[in-house]
Structures are given as structure tokens and as C-alpha cells.
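Observations on the model geometry
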Amino acid sequence: MDIATLKDLHPDHWSKAAAIRALSMDAVEAANSGHPGMPMGMADVATVLFEKHLKFDASAPDWYDRDRFILSAGHGSMLLYSLLHLTGYADMTLDQIKNFRQWAAITAGHPEYGHAKGIETTTGPLGQGIANAVGFAMAEESLRARYGRKVFDHHTYVIAGDGCLMEGISHEAIGLAGMQQLGKLIVLWDDNNITIDGEVSKADITDQQMRFKAAGWKVLTCNGHDPEDIDRAITKAKTQKRPTMIACKTIIGYGAPTRAGTAKAHGSPLGADEMAGTRAAYGWDHAPFEIPGEIKSAWEGIGQRGSSDRAEWEARFAGLSANRQAEITRVMEGGVPKKLTSTIRAFKKQVSEDAPKVATRKASEMVLAAVNPVVPETIGGSADLTGSNNTLTPDLGIFSPEDRKGRYVHYGIREHGMAAAMNGLWLHGGVKPYGGTFMCFTDYARGAMRLSALMGVPVTYVMTHDSIGLGEDGPTHQPVEHLAISRATPNTRVFRPCDVVETAEAWELALSSEKTPSVLALTRQGLPTLRTDHKMRNLSAQGAYVLAEAEGKRQVILMATGSEVEIAMAAREALQAEGIGTRVVSMPCMELFAEQDEAYRRKILPSGPVRIAVEAGVRQGWDQWLLGERGREAKAAFVGMTGFGASAPAGTLYEKFGITADAIVEAAKERL
């Protein structure tokens, strides 16, 4: 539909959509940076969605039963910021719009979770938003089954672009959503046929509508510049029992005299002449950032439209028992049950007495069997490695279209989609997600894991088969650099427990985390219980601690994690037999140790003794503790991996790669 017809047939709609377009153009021009074309192209779709369909209240942005709106095409962030400002979100002021992409502004180049109310997730890396949305929709289904539709009954809407659908993660997300029949998930595809390089056909000939149909979605189409057609499509989508994709045919940079429908509208300011021509085409003769009072009032009315729905919901919520209200509030706010700590302590006491020799992946399963019944908001899963990751416990049940109360997800071979969905599960509220794969395949999940850290989303990654100790599967599956990669990611805690007791402590810390994701690096091979003297306190919370003290004068400190702590203990025994006093420090979490005060770190790593670090991974990350913290190059060594592994039994690999007690003893004695 051309501008003249749109203005003539739908003048009220046009003025509201034009406000989005004008603010978006103005902000990008002021910043001399940004993407004006997408907001200009999708303004009509967004206006219809917010005015007629989206259940929200701008004055109560955290209302539990609001519809969720996710801008997967995050480069078009000014579309979202304009909507939040126009509808009356208190923190999205006009000054914030004017400071788009500037230091300390909440209007970042791409939407960032936590910067402003109404930003449900961080998007920008294409495909992440649509994959997050699958998690949001799964959370809604789960909570509706657990607490009833009087408390949870809402949709998740996504605006996605061609780039989102080209990214591989979208394939994983679409397949998972279709299989799960997530009927309250609606994707609005900005079908403008343009990417940065030009027309989509330069790089892709996929029939996206057939692709979604093949994955079990309902597919609808609409003219993205016809408000009645848009309304018709969304109305129909809301009646479906499976996810819906609406292909919205739009023109990028709608109304720009020379750039509309071209890549030139995508990723750079329009410039003064093009801006002037666009304003003339719109009939928008207002100054930059000026929104006429009647248009702003109309938008604010849209922002208040959901207040009656919210009031009715609050009345229903108030009618629940006090215990029910408290439980829902706790899970939605991310709190932990009071029973968690006592459950972990009882578990630790039992296993320290029984002293089982089990792989830490099995230890993790044992912990989950104790914890899942008392933390009812956990939803576990695995990327087709359930029997290897040990992530399923008997009480969970399988989350499926037939059983929405199930708490275990078969994600299929979709590591990236799983990780992104877990972000969405947590961001929705009411769920503590965890999911497993092999440690080596953190590579496949990396984009979403990084966003967990960036957003401060405390999901738990259960990464098993954490070293050459997995054996015969060989170097394709043996992680050597992955611990270092995970530790290099800001705001991430990497736990590598040495036994069943440390595994329990790691789970307690992961489930209690408020803003930091956790990576649990767990073994395939069996490990002895080294912590046989029960301690109520969570020693792993300090990041590192003395597992075995030196007898006699302390001359050597051995630092180790995971499966190598057992080897360090054997080396200590040999060194002590020669009269060389040796302390063993277990370091299950470097990040937590770095957070301890100077006095504690000095107590664990005093100056003077030789320091040897032992880990079946690469050295990166260890020099902080070998050479820093009062250490010296001449008295430090690393026993670990310097390259990739090989295919052989685990015992052979440790011997051939020199990760042995004898090698540790030799390295220590050479430096005395």
C-alpha cells in the first residue's frame, strides 16, 4: 500500500506509525550511526500489534502475565525504543531517545536486557531473539500448566528479519518450537528482501514460508503496510494451536525518496536531503524529535489499554492462597527455596560417609535427584545426550505437547538452540533452566552462552566429558581449550569439581546465583570422594581451598581442578614420602577465588613455595595463580595439555601426555 492510500484510508493509524518512523530517523541521524530502514519498514506492523493485540501496561512493565515482545532483529532497536517512549514507559524519556547509542544512555545500539523496562532480552546477534522466544513460550506453557491459566495465559510475539532466518540457530529454534507445538508463539517476519549486501537473492533462495510449514508451523501472510490486513493475520494467528509465522511484506526505509527498498536504507543514517524528502512524503513537518501532543496522547492511551486486564489479573492473583502467591512470586523473582541449603548439606554428609567413586557427571545426577524435588522450578534438558550428561532424574517427566507439567526437554542435536532457549526460559521468569552437552560442544552454544553472561542470566550449563579423560572418542570430542574459553568470558563461573561433594557445592552455587551463569565441567571417568570429612560450609564458594595441608615445612603447593586433583593428591603423597612438605589446593572455581579478599588469597597461596598447576587443558588462565599472587616464574610450572588430544583409553592418554603424579613430582623437585 502506498503512502497516499495509507494516509487516506487510515489517517489515525498513519500518524501513530509516522511518529515511530520520525523518531527512528531522527535518532539515527543525531547519532550518525544506526539502522533506520527496519523501523521505517515495520512501523505499521508494530503499531497494529501494540494498539490492537499486545497485552501490556506501560505503568507496570514487570506484570507477570503480560505478553512478551521480542525484537529479534535488534539492529532496528529504534523501533523498540520509539514504542517504549511513545506508550509511556517511564524510563524511556525523550532525552534517552536523543542520546541513542551514546555513553551511559539506556538506548544502546542494540537492545540490552536490564537497560530499560520493556526490553525482554538482549538482541543484535541475529537469530538469538527468535531462539530466546522459544524459551519464553515454553516457560509460559509450563507455568500455565503448573499454576493455571488464571495466572499465566499470554503470547510471545517476535519481529524477525531475513538475517535472523538465515542464521543457523533459527533452524534449531524453529524445529524445536514446531515439535513442541507452541501455539502462543507468533513470529512476524519482516519480509523486505534486503540485507546489508543487497537483495536477499544474492545469498539465499530459501522459501521461508515452506521452511516454517515443514517444521510444523502455521504460516500466514499480510501486506505489512495495510493495517487491516496486519490485524487480520495477527487475529488469526492467536487462534492457532501451533506456532505461527506471519510473512509481513514490507519495504525497508518506507517512504525514503531514493533509498526505500534498497540496502542503502539498512545500516546508515539517511542524510539531510533524504530526511527532508522523507518528511515531505510523510507530511511530517515537525522539528526533529518533536511529537505532536495528540499523537503522543494517542500512543499513551495504547500504553494504558492493558491496565484493566492487569487489574483483573491482580484480583485473580489476590484470590489465591497466601502460600500460592508467595511461591509464584518467589519463582518469578528468581529466589531459591529455603530447603535447598539443608538438602545440599544432608547430601554432602551422606556422600562424605559413603565415599562413592563416581564420575562427576554421575555425581551431578545424584545431586539433581536430591535437588529437583525441592526446587520445582528447575527445567532440565540435554542436546540428545541425556544418558551421557546424566541430566534426567526420575521425578521430572518430559515436557511435551502432551505433558506441559513435564520438566525435562529433549532439545535434540541443537546445542545453540538449547542454550538460547534456556536464556529465554530464565528471562521469562519462573524457571531455573539447566541443559547438557559435551564440554567440547560449548563451541556450538557459544553465542548464546556469551549472551547469558552479558545479560546476567544465571542459567546452568552441564558440560560433561570435560577432558582427554573421555578417552576413545578422540580429539574431535576432547576439550582442551574450552575451559580457558569459558573462563575468559566475563561474568561466567566455571566449576570443575573434583568429587561428588564439590559437585553438590557447585550445584548449590549455580542454583543460587542471581546474575551469573554457571558452566559445570564434569568428567566421564570415575573419581574417588576426596572430601570425606563433612563440612557444613560450602568450601567451593571460596573458589579454592586447602584440601590437604603440608606435613612439615611447606615447600610445594599443588593447584588442581576436577579429575586432576586425585593425581595431585598422589603426587603429594610421593613428595611427602621424600620429606617435601606439599599442600594441595583444590580450585573448583577460579572466578570465585578471584573474588575473595587479599587476606584469604594470601592464606591459600603464600609466597615462597614452588607452585605447580595441574589440569588436563591448556595453560591459559593459570598464570594468574602461578605467576601472580606472589608467584615467580622460576618456581612455577604447569602440568597439562599443550595441544589436541588423541584417540585411546583415558589411562593411556594421561600417561602419554604426561599428566601423571610422577610428572608433577619431577616438576616440583626441579624447582626446589
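Definitions and limits used
Residues numbered from 1 in each chain as written. Predicted model: local features only at pLDDT ≥ 70, side-chain atom pairs only at ≥ 80, totals over all residues. Heavy atoms only, no water. Axes fitted to C-alpha atoms, helices over the stretch in contact; angles between N-to-C directions. Helix = DSSP H or I, 4+ residues; strand = E, 2+ residues; numbered from the N terminus. Parallel < 35°, antiparallel > 145°, perpendicular 65-115°, else oblique. Left-handed = near helix turned anticlockwise from the far one by under 90°. Contact = heavy atoms within 4.5 Å. Nonpolar A, V, L, I, M, F, W, Y, C, P; charged D, E, K, R; others polar. Pairing = 2+ DSSP bridges. Buried < 20%, exposed > 50% of the residue type's maximum accessible area, 1.4 Å probe, protein only. Polar contact = N/O pair within 3.5 Å; in protein donor to acceptor, adjacent residues only side chain to side chain.

**Concerning the packing of helix H6 (residues 128-147) against helix H18 (residues 415-428)**
For the pair H6 and H18, the least separation of the axes is 6 Å and the interaxial angle reads 55°. Classified by the angle their axes make, H6 and H18 are oblique. Judged by the sense of rotation from one axis to the other, the crossing of H6 with H18 is right-handed. Side by side, H6 and H18 meet where Gln128, Ala131, Asn132, Gly135, Phe136, Met138, Ala139, Glu140 and Leu143 of the first sit next to His416, Ala420, Ala421, Asn423, Gly424, Leu425, Leu427 and His428 of the second. Of the residues belonging to the contact of H6 with H18, the class tally is nine nonpolar, seven polar and one charged.

**Focus: the environment of Arg259**
Along the polypeptide, Arg259 turns up in the loop between strand E7 (244-249) and helix H11 (272-282). Considered as a pair, Arg259 and Glu274 are 15 residues apart in the sequence and their alpha carbons are 7.9 Å apart. Residue contacts for Arg259: discarding those within four places in its chain leaves Ile252, Lys264, Ala265, Ser268, Pro269, Leu270 and Glu274.

**Re the sheet that holds strand E13 (residues 493-495)**
In space, the six strands of this open sheet follow the order E10-E9-E11-E12-E14-E13, with parallel pairing throughout. Among the strands making up the open sheet, the edge pair consists of strand E10 (408-410) and E13. Taken over all neighbouring pairs, the strand axes of this sheet differ in orientation by 20° on average, direction set aside. Here E13 runs beside strand E14 (residues 518-522); their pairing, made up of three bridges, is parallel. Across the sheet, Arg493 pairs through a bridge with Ser518, a residue of E14. Its contacts with the sheet put helix H16 (residues 360-371) on strand E11 (432-438), strand E12 (460-464) and E14, and the angle it makes with E14 is roughly 125°.

**Some details on the side chain of His428**
Topologically, His428 is positioned in helix H18. Assessed through its relative accessible area of 2%, His428 is described here as buried. Of the polar contacts made by the side chain of His428, one reaches the side chain of His154; its length is 2.8 Å. Each residue touching His428, except ones within four places of it in the same chain, is listed here: Arg68, Phe136, Ala139, Glu140, Leu143, His154 and Met332.

Taken by themselves, the reported measurements are silent on function.
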